[in-house]
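The chain contents come next:
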Amino acid sequence: MRRPDGPAKVHGRFRYVGDLQVPGMLHARTLRSPHPRARIRHLDTAAARRVPGVAVLVTAADVPGLATYGLIVADQPVFGGVRGEVRYAGEPVAAVAAVDARAARHALAAIEVDYEPLPPVTDPRRALAADTPTLHPNGNLFREIDIRHGEDGVHGPVVVEDDYAIGMQDQAFLAPEAAVAIPAADGGIDLLVATQWLHSDREQIAACLALPEQLVRLTLAGVGGAFGGREDITVQIHAALLARAAGAPVRIAYDRVESFLGHPHRHPARMRLRHTATHDGELVSVTARVLLDGGAYASSSPAVLANAITHAAGPYRVPHARLHGLVVRTNNPPCGAMRGFGVPQVTIGHEAQMDRLADALGLDPVGLRVRNALQPGDVLPTGQVLGGPLPARELITLVAARPLPPPAKHDPTGLSLPGGLPAMAEPSRVRRGIGYALAYKNLLFSEGVDDASTARVRLALAADGTPHAQVHSACAEVGQGFVTIAAQIARTELGIDQIELLPADTAVASAGSTSASRQTWMSGGAVRGACAAVVDRLLARVARAAGLPGPVVETARRSLTITGGQIVGAEVGLRMSVADALAMGPVEAEYTFHHRRTTALGAAGQGDPHVAFAAAAHRAVVDVDLDLGLVRVVSMALAQDCGTVLNPLALRGQVEGGTAQGLGLAVMEELVTDAGRVVNPTFHDYLIPTAADVPDLDFVAVTEPQPDAPYGVKGVGEAPTCTATPAIIAAIRAAVGRDLRRVPVRPHHLVGPPDADPPDADAASGGPFGEGPS
């Protein structure tokens, strides 16, 4: 089955949230702080309110309810200055709605803000220092986790240790944030918005507006990409405040610069890793210290740290581990969810370490990974016993066996060389490298969260007399393909062809977040359960009408089936069309799906925190111009643990997209800050891969079913992002023979003096934690 929204998107007819128009709507803009840290001494909006066309202007003083919001901790002000300070460059200070965008921009320019700039804290290594100011009433530490596994002080004779740094990556979805808010006659608000989690948005909006949640109604509008960047509140509360104050619909839409400033990004990371092994290549111990920069507000930082540190040893058996992680507050832009959720950062580190260990031992890097790869029944550093399939050994073996691309041929156009035609690389100065990476990534929410999803299904007769089912779920379709999967599941379970997926909104109970590789498992499970309940009720109706003996539901389940639009009971001599059964009236059911319970991390970081895992392995082949430091990714091969595949085309799209995003982090994507200010908030300067940068993907799916998941499925979108980056870095390292410790890799890392650019100057400051050499 192909995507139902595919043709409209290809032909440019799909209505994204930014395309929405409502009669009489106002246009909103947001004023943002230019300072990473400042005290607001005075805010004067009088001149702005007098600008012709301005309908309403709101500041912190106009928030009727809770002044702050947040996914996990409500620590982020609706408008900066609510507690006297702004804490990052780009923090909203006021919002205005006017008859057109031009009037709104003029009004912003007329707002007078008297800032007292304060010294910003932009180095996460200084966030917890004794002489560092406390940046927020909640303090500068979002979370600290210390995992102890095995025995302290037990190490192998072969030791590799190094520091690594990863820059800030943006989700870079192509459709910037937008929403339309419409005040309702009952005093509530209706909101059309592109988001990843409708019910979480509703909860936060209602609290800030001081409204009952039932008066805040959200409907999912067309989403142009998300990748974690739409999990947090951005435009929603501002649009709702303005619409209620103006008594008119309000449209708010960011441009690209404001989008870069307005949503959280992937956490920059600094790591020190120490691996020890026996002389024949068996891991003995892993020590990891991970520091994440959470930026100004919490977002999902506590959960991202848990993911990062619980995966820091990689998909390998480690008898002894000490894994210590911190995520801290700074005056940098807030960081939160992005595809992989903390695992891509630590994978870059542990896979570099495995390559260095292979070099130290004189072993093949693939063989070293095979020797140490986790298997079901192994104990993880958290004490969790690995259950379910995790074919890590099979994946790395498979990807290593894929055919390699042919050697580079003479190309007079230069298009196949690094940098293409403008660079005109000298072929004799181009070196090829091959690199591998293996990782595993948790699926679904973790640490005791009851990650439920609800769906409602109604089966009735259509106007033409044929059976027709409506599926209602609040699952946010952000491109992952739930609109396809939900219909496939309903067709399979109900045995009919006509399936209608109703718009996702808050009129049905929560489906949870479209994140954590969870929606096919969780919301697919909810749709399947609701369909099964509908079938039970329909068959019970037929059994009751036919006078079958015994308890109705049990008899129906035992004796009747639906096949090809017919209800058949061969043993009882019954046959009836589904249409005839529905002539007695429609059948409806709601079902809430739950995964197995997990536990929070306890003492010494021990517990059963994750529901399940999926693994992936990449092989990258690159060409590097030794004179210019330019890189061309020639080939990517991927073997991935996919569970049961419900839609092969959707699977292909997810793994290709995940690979491309990992490629971007490896060689081009970084949101650069200078003293807390983003200096490249446009696609002119923040580069993302294009079709010219991403090679065809040689992909192999390993389809061992997950026992406790509906149909045996696994989420597939995040795992390839975790492995693509370190595989490419390993291939570059192999091509140039340099010890690359900072990502993304820049040309000057490859052509300048060795170690000319250590990880964020960590060498000068004594390591990634500023405490001196180990």
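Residues numbered from 1 in each chain as written. Predicted model: local features only at pLDDT ≥ 70, side-chain atom pairs only at ≥ 80, totals over all residues. Heavy atoms only, no water.

Caption draft 1: View of unusual backbone geometry. In this structure, the amide linkage connecting Val 743 to the following residue, Pro 744, adopts the cis form with an omega of 5 degrees. If you trace the backbone, Pro 744 turns up in the loop between strand 31 (742–743) and helix 18 (747–751). Phi at Ala 210 is positive, roughly 55 degrees, even though this residue is not glycine. Residue position: Ala 210 is located in the loop between helix 4 (198–209) and strand 13 (216–220). (Helix = DSSP H or I, 4+ residues; strand = E, 2+ residues; numbered from the N terminus.)

Caption draft 2: Local environment of the environment of Pro 403. Within the fold, Pro 403 resides in the loop between helix 10 (392–401) and helix 11 (420–423). Through-space distance from the C-alpha of Pro 403 to that of Asp 698 is 9.0 Å; in sequence the pair is 295 residues apart. Beyond its immediate stretch of four places on either side in the chain, Pro 403 contacts Arg 619 and Asp 698. (Contact = heavy atoms within 4.5 Å.)

Caption draft 3: Examining the nonpolar core more closely. Ranked by internal contacts, the top residues of the largest apolar core, which has 98 residues, are Ile 205, Leu 209, Ile 237, Leu 494, Trp 521, Leu 560 and Ile 567. No other element matches the 13 residues that helix 13 (residues 519–546) contributes to this core. Every residue in contact with Trp 521, bar those within four places of it in the chain, is listed here: Leu 443, Leu 444, Phe 593, His 595, Val 611, Ala 612, Gln 706, Asp 708, Ala 709, Pro 710 and Val 713. Membership of the second largest hydrophobic core comes to 91 residues, among which are Ile 145, Ala 308, Val 366 and Leu 651. (Core = buried A, V, L, I, M, F, W, Y, C linked by side-chain atoms within 4.5 Å. Buried < 20%, exposed > 50% of the residue type's maximum accessible area, 1.4 Å probe, protein only.)

Caption draft 4: Structural view of the confidence of the model for the protein. In the predicted model, the protein carries a mean pLDDT of 94, and the fraction of residues at 70 or more is 97%. Ignoring residues within four places in sequence, the model shows residues 761–768, a span with pLDDT below 50, making 22 contacts including any to other chains. In this model, residues 770–774 is a region of pLDDT below 50 whose contacts with residues beyond four sequence positions or in other chains number 10 contacts. (pLDDT = per-residue confidence, 0-100.)

Caption draft 5: Examining the packing of helix 16 (residues 648–667) against helix 17 (residues 719–736) more closely. Where helix 16 meets helix 17, the closest approach of the two axes is 7 Å, and the angle between their N-to-C directions is 45 degrees. One element, helix 16, and the other, helix 17, form an angle in the oblique class. In this structure, the crossing between helix 16 and helix 17 has a hand that is right-handed. Side by side, helix 16 and helix 17 meet where Gln 654, Val 655, Gly 658, Thr 659, Gly 662, Leu 663, Leu 665, Ala 666 and Val 667 of the first sit next to Pro 720, Thr 721, Ala 724, Thr 725, Ile 728, Ile 729 and Ile 732 of the second. A per-class count over the contact of helix 16 with helix 17 returns 10 nonpolar, 6 polar and no charged. (Axes fitted to C-alpha atoms, helices over the stretch in contact; angles between N-to-C directions. Parallel < 35°, antiparallel > 145°, perpendicular 65-115°, else oblique. Left-handed = near helix turned anticlockwise from the far one by under 90°. Nonpolar A, V, L, I, M, F, W, Y, C, P; charged D, E, K, R; others polar.)

Caption draft 6: Quick look at the packing of aromatic side chains. This structure, assessed with the given rule, holds 6 aromatic pairs. Relative to Phe 445, the ring of Trp 197 lies with its centre 5.9 Å away and its plane at 55 degrees, an arrangement referred to as tilted. One end of the pair, Trp 197, is in the loop between strand 12 (189–193) and helix 4; the other, Phe 445, is in the loop between strand 18 (430–443) and strand 19 (453–461), with 248 residues separating them in the sequence. A residue is classified by how much of its surface remains accessible, and Phe 445, at 16% relative accessible area, is buried. Centroid distance Phe 260 to Phe 683: 5.8 Å. Interplanar angle 85 degrees. Geometry classified as edge-to-face. Highlighted residues: Phe 260 in helix 6 (residues 256–262) and Phe 683 in the loop between strand 29 (677–678) and strand 30 (697–702), separated in sequence by 423 residues. Judged by its relative accessible area of 29%, Phe 683 is partly exposed. Through a chain of ring-to-ring contacts, the aromatic side chains of Phe 260, Phe 683 and Tyr 686 assemble into a single cluster. Lying across the ring of Phe 445, Arg 518 places its NZ or CZ 5.5 Å from the centre. (Phe/Tyr/Trp six-rings, centres within 6.5 Å; stacked < 30°, edge-to-face > 60°. Lys NZ or Arg CZ within 6 Å of the ring centre and 35° of its normal.)

Caption draft 7: A look at a nonpolar patch on the surface. The grouping of Leu 415, Leu 421 and Met 424 at the surface amounts to a nonpolar patch, some 320 Å² of accessible area in total. Looking at the secondary structure, you find Leu 415 in the loop between helix 10 and helix 11. In this structure Leu 415 comes out as exposed when scored by relative accessible area, which is 58%. (Patch = residues over 30% accessible without salt bridge, like charges linked within 9 Å, V, L, I, M, F, W, Y side chains within 5 Å. Areas by Shrake-Rupley, 256 points an atom, 1.4 Å probe, with all protein chains shown as cover. Salt bridge = Lys/Arg side-chain N within 4 Å of Asp/Glu carboxyl O.)

Caption draft 8: Summary view of the sheet that holds strand 15 (residues 269–277). Overall, mixed pairing links the 6 strands, which are arranged 9-17-16-15-10-31 in an open sheet. At either margin of the open sheet sits one strand with a lone partner, and together these are strand 9 (141–149) and strand 31. Judged from the 9 bridges that link them, strand 15 and strand 16 (residues 283–293) form a sheet pairing that is antiparallel. Bridged to Met 271 within strand 16 is Val 290. (Pairing = 2+ DSSP bridges.)

Caption draft 9: Representation of the domain arrangement of the protein. For the protein, the assigned domains read domain 1 (27–118 + 177–253), domain 2 (269–446 + 601–767) and domain 3 (453–593). The C-alpha-based centres of domain 1 and domain 2 are spaced at 36 Å. Residue-level contacts link 20 residues of domain 1 with 21 residues of domain 2. On inspection of domain 1 and its partner domain 2, the count reaches 1 salt bridge. (Domains from an automatic or database assignment.)

Caption draft 10: Representation of the pattern of salt bridges within the structure. By the definition in use, this model includes 41 salt bridges. The partner of Arg 143 in a salt bridge is Glu 447, with the nearest N and O atoms 2.9 Å apart. Of the two residues, Arg 143 sits in strand 9 while Glu 447 sits in the loop between strand 18 and strand 19, which places them 304 residues apart along the sequence. The class for Glu 447 is buried, based on a relative accessible area of 17%. Arg 733 is the salt-bridge partner of Asp 355, the closest N and O atoms lying 3.5 Å from each other. Taken together, the positions of Asp 355 in helix 8 (residues 343–361) and Arg 733 in helix 17 put the pair 378 residues apart, joining distant regions of the chain.

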